[in-house]
Amino acid sequence: MTDDMEEMDTLSGSRDFEMGGGPDTMDGREDDEKVSAPFSTNDYWADTIMQYYRQFNSDSMFVVKVGMMAAGPAAILLFSIFVSSAASSLIAFFAMVISLMFVGLSMHMLGWILDKDIGPRSMQEIAEPIKEGSEGFFKTQYGTIFKFAFATAIGLFFLYAARDPVPGSDLNHYFTTFSMALIMSIGFLVGACCSAISGYAGIWVSVRANLRVAAASRNDYNAALQICFRGGAFAAIINVALAIFGISFLYLCLTLHLYSTQKTTSQVPPIEEIPVLLVGFSFGASFVAMFAQLGGGIYTKAADVGADLVGKVELGIPEDDPRNPAVIADLVGDNVGDCAGQCADLFESISAEILSAMILGGSMAKHAGLDYEMKAGFILFPLLVHSLDLLVSTIAVFFVSTKKGHPSRDASYGELEDPLNVLKRGYYVSLVLALLGLFGICRNFLYIPALPNAYLYFYCCSVVGVVVSFLFVAITQYYTDYHFGPVQSIASSSQMGHATNIITGLSVGLESTGLPVIVISIAIITSYYLGEASGIQDQHGNMIGGLYGTAIATMGMFASGVYVLSMSGFGPIADNAGGIVEMSE
């Protein structure tokens, strides 16, 4: 992340920031290259989204805006009246509607990004091959991945179809082995598709936001920072919203089947076992993430090292020098590895975390003998937490702002604010809002009348997760920021030669794993015993809340996950923008 902050600092001080360039240059652009806010960029989908955004922002669309904002709450109300008021179905439908609403909000954010200036022709000529290379890599890689995914889904179907029914499972009364195998395979393909979409969203916005960040950096540091960060936020919102939508949609479908096949109205559907049927979704997400992370990660490192070797080492020219064609491959690598691969990887992590917590919550609720309504709260708690994540992180995104103006051109601008400090300010807002929201969710959905203080212990588990998330950011900054000792020690060792550079770098890298291991260990033990202290027992009197406490701590870590992923997506966009500025000069 520190390298990306340096890239943004470089953007703020680049020559494109200067007023110079001839007597006719009054805005940092050459007269024959003014293409500010065009109505067409020869990019069909970008132009279409931009046109809808402009129409949507007109005064004549006020009624439509109000209608769209009211559509979500109205749909939830109508569902509770005409379809089902059961807690299980209502919570799942609520989460699904929230995810769709934030997809719509992210599209509005994307329109805001695409409506920005795309800069002079020289910048566009650099950005175009980066876009072509990134999207070409994605199509080739994911085309291969989906061939394997389809074959794997077929194999998964036969694997589950050939097994015997699970002894003692209530699902045997509602599903045959064949139907369970079919559900598993369909879930696998849905998870793989959602993971691929989340990865493509990361690439798609990155290769378009990079040009707009580079163009904005000539005139306004704040505009460049906001465009860059909101580009990462768009991909992050899509990522988490797809995970919530996919799981909640499949859960609703299976719940509908349970209700439609129950033999008597007094029969209680085994909703605690539904998450077990959804693990195929997580399998599919993991399958795509594995190939995307490996393929994109290897490509980006190979391209990065190759560009540095041929440029810096062999020819002695600066990084991102326009005379080095390998720089394009390097910038493509930032998109396919740090955007697509990372988005798919986090999508898999969130999906697995949601489903594992749902399974643990359902198992604990069943063994504790909780009634149907209370079971629903413990099972679907993860979907509510990630819906909260969408809300608090999106609010925090709009707190990312600094002083408007041009550091090099405006004499009264003052000192340039470190971009990392700007991002951390929004991160702190997301943490505070997450803590408040988590308390409300725990109080309303984890409350047990027989154990009135149990929800407080589970809330403390979530607080442990939030604290761990904060500590991870702080530890990462300490070991990667050039303002602190570890990076400075590596820089100092580099002055004595390659050998000391490698030795110091390796030792700092090994040392950096120590604190995270200690923090995670303390968090797991603390959250486990807090869960046990909730007092939830099985029929034999054994405390059974510990494992669910650790799951809640994990959800607390992800309570501002959208914002953290936005910070991560900020990096490759800023890196690309810096390369475009350097190569177009």
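Residues numbered from 1 in each chain as written. Predicted model: local features only at pLDDT ≥ 70, side-chain atom pairs only at ≥ 80, totals over all residues. Heavy atoms only, no water.

Draft legend 1. Looking closely at the overall build of the chain. Summing up its helical and strand segments, the chain has 18 helices and 0 strands in all. Since a compact globule built from 585 residues should have a radius of gyration of about 25 Å, the 26 Å found for the chain is in line with a globular shape. Considered along the principal axes of its C-alpha atoms, the chain spans approximately 85 × 60 × 50 Å. Across the 585 residues in the chain, those meeting the buried criterion constitute 52%. (Helix = DSSP H or I, 4+ residues; strand = E, 2+ residues; numbered from the N terminus. Rg over C-alpha atoms; globule rule 2.2 N^0.38 Å. Buried < 20%, exposed > 50% of the residue type's maximum accessible area, 1.4 Å probe, protein only.)

Draft legend 2. Here's a closer look at helix 2 (residues 44-56). An ideal rise of 1.5 Å per residue puts 18 Å on 13 residues; helix 2 measures up with 18 Å between its terminal C-alpha atoms. By the burial criterion, the buried members of helix 2 are Ala46, Asp47, Thr48, Ile49, Met50 and Tyr53. Contact partners of the buried residues in helix 2: helix 4 (87-114) and helix 6 (177-216). (Expected span 1.5 Å × (residues − 1). Contact = heavy atoms within 4.5 Å.)

Draft legend 3. Examining the pattern of salt bridges more closely. The final tally for this structure, using the stated rule, is 11 salt bridges. Each of Asp43, Glu135 and Arg208 takes part in one network of salt bridges that share partners. (Salt bridge = Lys/Arg side-chain N within 4 Å of Asp/Glu carboxyl O.)

Draft legend 4. Summary view of the nonpolar core. Ranked by internal contacts, the top residues of the largest apolar core, which has 157 residues, are Phe175, Tyr251, Phe378, Phe381, Leu390, Leu446 and Tyr563. Take this core: its biggest share by element is 22 residues, from helix 7 (residues 221-261). The contacts of Phe175, once residues within four sequence positions are left out, are Met180, Ile183, Leu254, His257, Leu258 and Leu277. (Core = buried A, V, L, I, M, F, W, Y, C linked by side-chain atoms within 4.5 Å.)

Draft legend 5. View of the packing of aromatic side chains. This structure, assessed with the given rule, holds 25 aromatic pairs. Judged by centre distance (4.0 Å) and plane angle (20°), the rings of Phe138 and Tyr142 are stacked. With Phe138 and Tyr142 both in helix 5 (residues 121-161), this residue pair falls 4 residues apart, about one helical turn. On the accessibility criterion, Phe138 (9% relative accessible area) is buried. Residue class for Tyr142 comes out buried when judged on its relative accessible area of 3%. For the ring pair Phe157 and Phe178, a centre distance of 5.3 Å and an interplane angle of 90° mean the geometry is edge-to-face. Note that Phe157 is positioned in helix 5 and Phe178 in helix 6, a separation of 21 residues in sequence. Three or more aromatic residues link up through ring pairs in this structure, and these residues are Phe229, Tyr427, Tyr428, Phe470 and Tyr563. For Arg208, the ring lying beneath its charged end belongs to Trp204, and the centroid distance is 3.8 Å. Seen from the ring of Tyr447, Arg443 lies directly overhead, with NZ or CZ sitting 4.4 Å from the centre. (Phe/Tyr/Trp six-rings, centres within 6.5 Å; stacked < 30°, edge-to-face > 60°. Lys NZ or Arg CZ within 6 Å of the ring centre and 35° of its normal.)

Draft legend 6. Local environment of helix 9 (residues 279-315). Helix length check: helix 9 (37 residues) gives 52 Å between terminal C-alpha atoms against 54 Å at 1.5 Å per residue, within 8%. Of all the bends found along helix 9, the most pronounced is centred on Leu309 and spans about 30°. Within two residues after helix 9, Gly316 carries a phi angle of roughly 70°, on the positive side. (Bend = angle between axes of the 7 residues up to and from the residue.)

Draft legend 7. Spotlight on the confidence of the model for the chain. For the chain, the average pLDDT comes to 90, and 92% of its residues sit at 70 or higher. Across the chain, the element-wise mean pLDDT spans from 56 in helix 1 (residues 2-12) up to 97 in helix 16 (residues 514-533). Per-residue pLDDT stays below 50 along residues 14-37; that stretch engages in 50 contacts with residues further than four places along the chain or on separate chains. (pLDDT = per-residue confidence, 0-100.)

Draft legend 8. Molecular detail of the state of the cysteines. Inspection of the entire model under this criterion finds 0 disulfides. Here Cys442 stays unpaired: no disulfide links it, and the sulfur of Cys461, its closest cysteine neighbor, is 8.6 Å away. We classify Cys442 as buried; its relative accessible area is 0%. (Disulfide = S-S within 2.5 Å.)

Draft legend 9. The arrangement of the packing of helix 7 against helix 10 (residues 326-367) in detail. The N-to-C vectors of helix 7 and helix 10 enclose an angle of 35°; their axes lie 10 Å apart at closest approach. You can see that helix 7 and helix 10 cross each other, and the crossing is right-handed. Counted together, Ala235, Asn239, Val240, Leu242, Ala243, Ile247 and Tyr251 of helix 7 and Cys343, Leu346, Phe347, Ile350, Ser351, Ile354, Leu355 and Met358 of helix 10 form the full contact between these two elements. Of the residues in the contact of helix 7 with helix 10, the class split is 13 nonpolar, 2 polar and no charged. (Axes fitted to C-alpha atoms, helices over the stretch in contact; angles between N-to-C directions. Left-handed = near helix turned anticlockwise from the far one by under 90°. Nonpolar A, V, L, I, M, F, W, Y, C, P; charged D, E, K, R; others polar.)

Draft legend 10. Highlighting the packing of helix 12 (residues 419-445) against helix 13 (residues 454-480). It is the contact of helix 12 with helix 13, at a shortest axis distance of 9 Å, that shows an interaxial angle of 170°. Viewed along their axes, helix 12 and helix 13 adopt a mutual orientation that is roughly antiparallel. Residue-level inspection shows Leu420, Lys424, Tyr427, Tyr428, Leu431, Leu435, Leu438, Phe439, Cys442 and Arg443 of helix 12 in contact with helix 13, the latter providing Tyr455, Leu456, Phe458, Tyr459, Ser462, Val463, Val466, Ser469, Phe470, Val473 and Gln477. Split by residue class, the contact of helix 12 with helix 13 holds 16 nonpolar, 3 polar and 2 charged. (Parallel < 35°, antiparallel > 145°, perpendicular 65-115°, else oblique.)

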